[in-house]
Amino acid sequence: MSDLMERWETPGFGVSNLKKVTRSRPVPGYGEILIRVEAVSLNYRDTEVLESRMYLEPEFPFTPASDMFGTVIETGEGVTRFAVGDQAVSMCITNWIDGEALDWSVAPPLGGTIPGILAQYVVLPADWCVHAPKSLTAIEASTLPIAALTAWMAVCELAPSRSDQTVLIQGTGGVSLFAAQFGLAAGANVIVTTSSDQKAEQLRKLGVKADNIIDRSITPDWPAAVMELTDGRGADNIVEVVGGENIRKSLDAVRQGGRIALIGFMESYDMSMSILPVLGKRVTIEGISVGPRRAMEDMIRAIDRHKIKPVIDRVYDFDEVPAAFQHLNSGPFGKVVIKVAS
Ligand SMILES: NC(=O)c1ccc[n+]([C@@H]2O[C@H](COP(=O)([O-])OP(=O)(O)OC[C@H]3O[C@@H](n4cnc5c(N)ncnc54)[C@H](OP(=O)(O)O)[C@@H]3O)[C@@H](O)[C@H]2O)c1
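Calculation notes
Residues numbered from 1 in each chain as written. Predicted model: local features only at pLDDT ≥ 70, side-chain atom pairs only at ≥ 80, totals over all residues. Heavy atoms only, no water. Near = heavy atom within 4 Å. Polar contact = N/O pair within 3.5 Å; in protein donor to acceptor, adjacent residues only side chain to side chain. Areas by Shrake-Rupley, 256 points an atom, 1.4 Å probe, with all protein chains shown as cover. Helix = DSSP H or I, 4+ residues; strand = E, 2+ residues; numbered from the N terminus. Domains from an automatic or database assignment. Pairing = 2+ DSSP bridges. Axes fitted to C-alpha atoms, helices over the stretch in contact; angles between N-to-C directions. Phe/Tyr/Trp six-rings, centres within 6.5 Å; stacked < 30°, edge-to-face > 60°. Buried < 20%, exposed > 50% of the residue type's maximum accessible area, 1.4 Å probe, protein only. Lys NZ or Arg CZ within 6 Å of the ring centre and 35° of its normal. Contact = heavy atoms within 4.5 Å. Buried area = accessible area lost by both parts, 1.4 Å probe. Salt bridge = Lys/Arg side-chain N within 4 Å of Asp/Glu carboxyl O.

A. Structural context of the site of the ligand. Lining the immediate environment of the ligand, one finds 23 residues, of which Thr-172, Thr-194, Ser-195, Ile-288 and Val-290 sit closest. Between the ligand and Gly-174 there is a distance of 2.8 Å, counted from an oxygen atom to a backbone nitrogen or oxygen. Note that an oxygen atom of the ligand is positioned 2.5 Å from one of the side-chain N or O atoms of Ser-195. Within the complex, 88% of the 920 Å² of free accessible area of the ligand lies under protein. At the level of elements, helix H3 (144-157) and helix H4 (174-185) are the ones that each hand at least two residues to the shell around the ligand. Two domains each put at least three residues into the shell around the ligand: domain 1 (4-146 + 292-339) and domain 2 (159-287).

B. Structural detail: the sheet that holds strand S11 (residues 235-240). As summarised here, the arrangement of the six strands in space is S10-S9-S8-S11-S13-S15, forming an open sheet in which the pairing is parallel. At either end of the open sheet lies a strand with only one pairing partner, and these are strand S10 (213-215) and strand S15 (284-287). Direction aside, the axes of adjacent strands within the sheet are offset by 15° on average. For strand S13 (residues 254-262) and S15, the ladder comprises four bridges, and the chain directions are parallel.

C. The packing of aromatic side chains, seen in detail. What the rule picks out here adds up to seven aromatic pairs. Each ring, one from Trp-8 and one from Phe-318, has its centre 6.5 Å from the other, and the planes form 80°; the classification is edge-to-face. One end of the pair, Trp-8, is in strand S1 (residues 4-9); the other, Phe-318, is in the loop between strand S16 (312-317) and helix H10 (321-328), with 310 residues separating them in the sequence. The class of Trp-8 is buried, set by a relative accessible area of 6%. You can call Phe-318 buried: its relative accessible area is 6%. A network of ring pairs unites the aromatic residues Phe-13, Phe-60 and Phe-62 as a single cluster. Seen from the ring of Tyr-121, Arg-25 lies directly overhead, with NZ or CZ sitting 5.5 Å from the centre.

D. Inspection of the domain arrangement of the chain at higher detail. Segmenting the chain into domains produces domain 1 (4-146 + 292-339) and domain 2 (159-287). With centres defined by C-alpha atoms, the gap from domain 1 to domain 2 works out at 28 Å. Contacts between domain 1 and domain 2 engage 18 residues on the former and 15 residues on the latter. Note on domain 1 versus domain 2: buried area summed over both sides is about 1,400 Å², and carbon and sulfur give 74% of it. For domain 1, the biggest contributors to the area lost against domain 2 are Tyr-44, Ile-308 and Phe-333; these three give 43% of the whole. Where domain 1 touches domain 2, the interface holds zero salt bridges. Sorting the residues of the side of domain 1 that touches domain 2 by element identifies helix H1 (44-50) and helix H9 (293-306) as the ones contributing at least two each. Broken down by element, the residue count for the side of domain 1 that touches domain 2 peaks at three residues, all from H9.

Pasting the structure below:
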């Protein structure tokens, strides 16, 4: 095996500065594992980090992305959780094993403030990885660390979905489709908003009831449609991935005593709303920032048991990273993945 490998990195901010470079293959130290990366999935936030819109101060040269599937090919001293040949999936929020979330300074996000994993080989502390699901391919398993775990926290862990509840999902990106799949698996009434006929058709194929799909381009007043679909009650749990003014609509659509999982900022990092409906409806608004390793392991068990298949919009080759980032910005239906090796 060569001592050299290829990795995508940039000396400064800007997706356009990403270059594929040749570097020495890293060597695992105490408690670390060397992984041959097979697939990396991209997330909306990867562009935000690279374009300096999240006000993070990454270490340069910087390698983007946090979500990968790979095979362990060497273990450092002291590693007990993994053996050579095991298949591993990375965690985005490092060091958050369970319990209360840690400060960013002790649990820095991979591909956020510390360099990520868009490389042929990576060395990671074994504690930052979990065993991959048995039922998924490499491409599918690479999509779990951010999108699936965030959705799991929103609709299964922090507010477990029940069959007498309505979960409202906004859009059909990575987080939203996992939230829809988890909500459906839990037997909840799942309503999804989308932006086109074609995506509505794909949602139907995924198992969302045709009547529960709201096309925002035809029905801009989607909160009214949610009210109608829930006999005037509103949604129990809303997966809010948009931010900005959208939170006002989420407040219109939530039920008395309901909950909004605050996740995304696709419209804006600032939220604008009146406090009155929050008080009047006694709404719980909960900020979510991915999740701990224990929740990831719970989720992987559920994915294996329920045979939940991640929705992949498109797979790119390792040489096509700029095109993959472009696609990511075009509003994908599900996940955009880079195949690193097979
Ligand atoms: N807090 C966390 O831990 C966490 C974790 C993951 C992601 N996020 C954030 O959550 C957001 C979504 O992330 P993602 O990775 O799922 O993104 P993504 O895969 O890029 O989502 C793209 C989809 O979002 C939908 N969308 C775009 N603008 C919309 C709008 N104004 N209203 C409703 N839907 C809209 C579109 O679906 P339709 O065309 O079907 O509407 C689009 O296809 C991002 O802001 C991301 O940074 C946060």
